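# Summary of the model geometry
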Amino acid sequence: MMSGTRVVLMRLLSLVVVVTFVCTKRAEGARAFFVFGDSLVDSGNNDYLPTTARADSPPYGIDYPTHRPTGRFSNGYNLPDLISQHIGSESTLPYLSPQLSGQKLLVGANFASAGIGILNDTGIQFVGILRMFQQFALFEQYQQRLSAEVGAAQAKRLVNGALVLVTLGGNDFVNNYFLTPVSARSRQFTVPQFCRYLISEYRNILMRLYELGARRVLVTGTGPLGCVPSQLATRSRNGECVPQLQEASQIFNPLLVQMTRQINSQVGSEVFVAVNAFQMNMNFITDPQRFGFVTSKIACCGQGRFNGLGTCTAVSNLCPNRDTYAFWDAYHPSQRALGFIVRDIFSGTSDIMTPMNLSTIMAIDSNIY
C-alpha cells in the first residue's frame, strides 16, 4: 500500500515539475511589447493625468469587450491591442495603471500619451501629457522595476528581445504647425523645412530608444493627415483631402524611411522598421466600399460637417454600426479599419514595411531570442 502511495506521489511530483517547467519556458519565451507615442496607441495613460486629452467617457469603448471607456481613442481595441493579439500575447497595460506590477511587467508596458508629438511644444494646449523624454524616463523606471522582479540579466534579455512600437508625428502637424492659420512653427519653417526638422528630432528619439535597449522597433510614419474628418470639416470644400496636409505627409514619410535606413546602417543591424501608415490608410480611404465601409469621410462619432468638429461625447452623433465606418472619431480609425492596418504590418510588401514585415521579423527573431 505504501509503495502504491509513493508511486502516486512521485507521479504527481513529476507532473508538477513538468508543468512548472513548461509554464516557466512559456513565460521566458513570450515576447514583451513596448509602446510609445500618441493617441493612436495610448491605451489609457492619460486617464491618470491632469489633461483634457482623454477618452474616458462613453461612447468610447462601446465595442470593447466591457463596452466601457478604457482610455483608448477607439470604439474598441486600438493598434497595440491588435498587434498583441496577432503575436499571441495579452494587451500591454498602460504604464501608469496600478495593475501593472509583478508578473504583468513581463508582458511589457504602454507608455503612450494622447496629444504628444516629436517636439516638446506640440500639444501644449493639452497640458499634463507625457512627452517623449518623460515616456523614456518611465521606461527606465520600468526596467528598474523589472530587474527587481526577475534580475538584471533576464530584464536586459527581455528588453532586447521585445517588440517595440513608436507612433509619432501627426500631432506635430495638426496640433502644432497647422493648428492655426499662422502658427509659431509655420512662421519659423516652410513645410519642407519643418519636415526635415521633425526628422532630425525623431532621429534623436530613436537613438535614445536604442540606447535604452530596444532592438526591434516598428516606426510608423504619419497617416494621410489631410483626409481625416477633422481636417475635412475645417479645411475642405467638398470633402476632398486637404492638399497642404497631404503634401506634408508625403514629404515627411519618405524622409522617415531614409532616416531609419541610415540608423540601421550606423548600428549595423535592422533595428528600425518603417511602417507606411500613409499608404495603409489611403487604401481604404480612396476605395472604402472595397473594404466594406460605407464611408471614409464621415466619422462615426462626432458633430458638424463630416462629424469632424469637436470631440466624441455622449451627446455626439453616433453611427449604429461602427464596422461600416473607416473613422471612429474626428482623428482616429475605427477598430475594423485598424484591423486592415495590422494585416498590412504583418504581411505587407517592402514598399509599406521597410525593410521587412512583422511576420518576417517574428520568424527571424524566433531563432535569436
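Residues numbered from 1 in each chain as written. Predicted model: local features only at pLDDT ≥ 70, side-chain atom pairs only at ≥ 80, totals over all residues. Heavy atoms only, no water.

Attention shifts here to the packing of helix α3 (residues 132-150) against helix α7 (residues 191-211). With their axes 11 Å apart at the nearest point, α3 and α7 run at an angle of 5° to one another. In this view, α3 runs roughly parallel relative to α7, as classed from their interaxial angle. Where α3 abuts α7, its residues M132, F136, F139 and E140 lie against I205, R208 and L209. Partitioned by chemical class, the residues of the contact of α3 with α7 number five nonpolar, no polar and two charged. (Axes fitted to C-alpha atoms, helices over the stretch in contact; angles between N-to-C directions. Helix = DSSP H or I, 4+ residues; strand = E, 2+ residues; numbered from the N terminus. Parallel < 35°, antiparallel > 145°, perpendicular 65-115°, else oblique. Contact = heavy atoms within 4.5 Å. Nonpolar A, V, L, I, M, F, W, Y, C, P; charged D, E, K, R; others polar.)

With that settled, the discussion passes to the sheet that holds strand β8 (residues 353-354). Strand order in the open sheet formed by six strands is β2-β1-β3-β4-β5-β8, with mixed pairing between adjacent strands. Among the strands making up the open sheet, the edge pair consists of β2 (108-110) and β8. Judged from the four bridges that link them, strand β4 (residues 217-220) and strand β5 (residues 272-275) form a sheet pairing that is parallel. Residue pairing for β5: L218 is matched across the bridge by V273. Together, β1 (33-37), β3 (163-167), β4 and β5 form the strand contacts of α7, whose direction differs from that of β4 by roughly 165°. (Pairing = 2+ DSSP bridges.)

Looking now at the pairing of β4. By the alternation rule, side chains of β4 split into V217 and V219 and L218 and T220, which are all buried. Relative to β4, β3 runs parallel, the two being bridged by four bridges. When the bridges of β4 are listed, V164 appears paired with V217. (Buried < 20%, exposed > 50% of the residue type's maximum accessible area, 1.4 Å probe, protein only.)

Moving on: the nonpolar core. In terms of nonpolar packing, the biggest core is built from 69 residues, with F34, F36, Y142 and Y202 touching the most fellow members. Among the elements that line this core, the one with the most residues is α7, at ten residues. Dropping the residues within four chain positions of it, F36 is found in contact with V41, F111, A112, M132, Q135, F136, F139, V164, L165, V166, T167 and L209. If you look at the next biggest cluster of nonpolar residues, it comprises 36 residues, including F33, L218, V342 and I361. (Core = buried A, V, L, I, M, F, W, Y, C linked by side-chain atoms within 4.5 Å.)

Here the focus is the pairing of β5. Neither face of β5 is exposed, since F272 and A274 on one face and V273 and V275 on the opposite face are all buried. Pairing of β5 with β8, which is carried by two bridges, proceeds in the antiparallel orientation. By the bridge assignment for β8, A274 is matched with T354.

Here the focus is the state of the cysteines. Across all of its chains, the model carries three disulfides by this definition. Between the sulfur atoms of C227 and its disulfide mate C241 the distance is 2.0 Å. The disulfide joining C227 to C241 has a torsion of about 115° about its S-S bond and is therefore right-handed. Within this pair, whereas C227 is found in the loop between β4 and α8 (229-235), its partner C241 is found in the loop between α8 and α9 (243-267), the two being separated by 14 residues in sequence. In the protein chain, the bonded cysteines, numbered by position in the sequence, are linked as 1-2, 3-6, 4-5. Free of any disulfide, C195 has its nearest cysteine sulfur in C227, 16 Å distant. (Disulfide = S-S within 2.5 Å.)

This part takes up helix α10 (residues 277-286). Extensive coverage of α10 is indicated by the burial of seven of its ten residues. Taken as a whole, α10 has its buried residues at A277, F278, M280, N281, M282, F284 and I285. Where α10 is buried, its residues meet α9, β5, α11 (335-347) and β8.

Next up on the list: the packing of aromatic side chains. The final tally for this structure, using the stated rule, is 23 aromatic pairs. Look at F36 and F136: their rings are 5.4 Å apart centre to centre, the planes differ by 70°, and that puts the pair in the edge-to-face class. Taken as a pair, F36 in strand β1 and F136 in helix α3 lie far apart in primary sequence, 100 residues in all. Relative to F111, the ring of Y95 has its centre 5.1 Å away and its plane inclined at 25°; by these criteria the two rings are stacked. A residue pair is termed long-range when its members are at least 10 positions apart, and Y95 in the loop between α2 (79-86) and β2 and F111 in the loop between β2 and α3 qualify at 16 residues. For F111, a relative accessible area of 0% corresponds to the buried category. (Phe/Tyr/Trp six-rings, centres within 6.5 Å; stacked < 30°, edge-to-face > 60°.)

Note that side chains of opposite charge can pair when their charged atoms are close. One pass over the structure, following the stated rule, counts ten salt bridges. In this structure, the salt-bridge partner of D365 is R31, at a minimum N-O distance of 2.6 Å. Of the two residues, D365 is situated in helix α12 (residues 358-365) and R31 in the loop between α1 (2-29) and β1; the sequence distance between them amounts to 334 residues. In this structure, R72 engages D81 in a salt bridge whose closest nitrogen and oxygen atoms are separated by 2.5 Å. Here R72 matches D81 in class, with each residue buried. Overlapping salt bridges bring together R31, R216 and D365 as one network. (Salt bridge = Lys/Arg side-chain N within 4 Å of Asp/Glu carboxyl O.)

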